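Inside the fold
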Amino acid sequence: QVQLVESGGGLVQAGGSLRLSCAASGSIFRISTMAWYRQAPGKQRELIASITSRGRTNYADSVKGRFTISRDNAKNTVYLQMNSLKPDDTGVYYCNFLGASEHAYWGQGTQVTVSS
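On a predicted model such as this, the values are computed, not experimentally measured, just so you know. (Residues numbered from 1 in each chain as written. Predicted model: local features only at pLDDT ≥ 70, side-chain atom pairs only at ≥ 80, totals over all residues. Heavy atoms only, no water.)

Some words on the sheet that holds strand β7 (residues 67-72)
Convention followed: When DSSP finds two or more bridges between a pair of strands, those strands are recorded as paired. Numbering of helices and strands runs from the N terminus, with a helix taken as a DSSP run of H or I at least four residues long and a strand as a DSSP run of E at least two residues long. For helices, the fitted line uses only the C-alpha atoms of the stretch in contact; every axis is such a line through C-alpha atoms, and the angle between N-to-C directions lies from 0 to 180 degrees.
Taken in spatial order, the four strands of this open sheet run β1-β3-β8-β7, and their pairing is antiparallel. With one partner strand each, in any of the chains shown, β1 (4-7) and β7 form the two edges of the open sheet. Averaged over all neighbouring strand pairs, the angle between strand axes comes to 15°, with direction disregarded. Note that β1 and strand β3 (residues 18-24) share four bridges and pair antiparallel. Bridge pairing in β3 links Val 5 to Ala 23.

What follows is the structure in C-alpha cells.
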C-alpha cells in the first residue's frame, strides 16, 4: 500500500515562499499522475495542481503563475514550490493520486499559514 508523507509547511508572511515535499512509497508512484490538494479552514479539500508521470502539469486558477509542481521519480517525491503566497493560501496541504476520493488513504498533510 502506498504511503504519503508531506512536509515543508510552516508560517510565512504574505509574499513569501515555501517548498512542500511529498515522499511516496511504492513503485506505482512512477507511473501515476500525482496532485497537490489544499483544505482551507472550514472548506472542502480542493485540487490545486497535478503532474503526470511524464511531467505535464495543470493548475487551479487560484494558484496559476505562483505555484509550480514538479516530481523526481528516482526519489518517489513530488514537490510544490509556492511563491507570492497570500493569506488565502492558508490551509493543510496534501498530496495524493489525481482523482483520489475522500475515502481513499490520505497522509497527515502539512500546515501552511500565511500571515498578512
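What about unusual backbone geometry?
Let me state the cut-off plainly: Partly exposed residues are those whose accessible area sits between 20% and 50% of the maximum for their type, while under 20% is buried and over 50% is exposed, using a 1.4 Å probe and protein chains only.
One non-glycine residue, Asn 76, lies in the positive phi region at around 50°. Since its relative accessible area comes to 11%, Asn 76 is described here as buried. Of note, Ser 84 is a non-glycine position whose phi angle comes to about 50°, a positive value. Note on placement: Ser 84 falls in the loop between β8 (77-82) and β9 (91-97). The exposure class assigned to Ser 84 is partly exposed, which follows from its relative accessible area of 42%.

Quick word on the packing of aromatic side chains
Selection criterion: Note on ring pairs: Phe, Tyr and Trp rings are taken, using the six-membered ring of Trp, and paired if centres are within 6.5 Å. Classes follow the plane angle, with under 30 degrees stacked, over 60 edge-to-face and the rest tilted.
Tallied over the entire structure, the rule returns two aromatic pairs. Between the aromatic rings of Tyr 37 and Trp 106, the centroid separation amounts to 5.0 Å while the plane-to-plane angle is 80°, which identifies the pairing as edge-to-face. Separated by 69 residues along the polypeptide, Tyr 37 in strand β4 (residues 34-39) and Trp 106 in the loop between β9 and β10 (110-115) bring together distant segments of the chain. Judged by relative accessible area, Tyr 37 falls into the buried class, the value being 6%.

Structural notes on the pairing of β9
With six of seven residues buried, β9 is to be regarded as a mostly interior element. Relative to β9, β4 runs antiparallel, the two sharing six bridges. Looking at the pairing, Arg 38 lines up with Tyr 93 of β9. For β9 and β10, the ladder comprises three bridges, and the chain directions are antiparallel. Looking at the pairing, Tyr 93 lines up with Thr 110 of β10.

Concerning the layout of surface pockets
Heads up, the rule is: Whether a set of points on the 1 Å grid over the protein atoms alone is a cavity depends on a 1.4 Å probe fitting there but being unable to get out, while an open set qualifies as a pocket with protein on both sides within 12 Å along at least five of seven lines; lining residues are those with an atom within 4 Å of a point. Grid points are joined across faces, edges and corners, and a volume is the space filled by probe spheres set on the points. For this classification, the nonpolar set comprises Ala, Val, Leu, Ile, Met, Phe, Trp, Tyr, Cys and Pro, the charged set comprises Asp, Glu, Lys and Arg, and every other residue, Gly included, is treated as polar.
Its boundaries defined by the atoms lining it, the largest pocket holds a volume of some 190 Å³. Classifying every residue of the lining of the largest pocket by side-chain character gives three nonpolar, three polar and seven charged.

A few points about the state of the cysteines
Counted only if it meets this: Only a pair of cysteine sulfur atoms within 2.5 Å qualifies as a disulfide here.
Summed over all chains, the structure comprises one disulfide. Covalent S-S linkage joins Cys 22 and Cys 95, the inter-sulfur distance amounting to 1.7 Å. Of the two residues, Cys 22 is situated in strand β3 and Cys 95 in strand β9; the sequence distance between them amounts to 73 residues. The residues Cys 22 and Cys 95 share a single accessibility class, namely buried.

These figures capture arrangement, not role.
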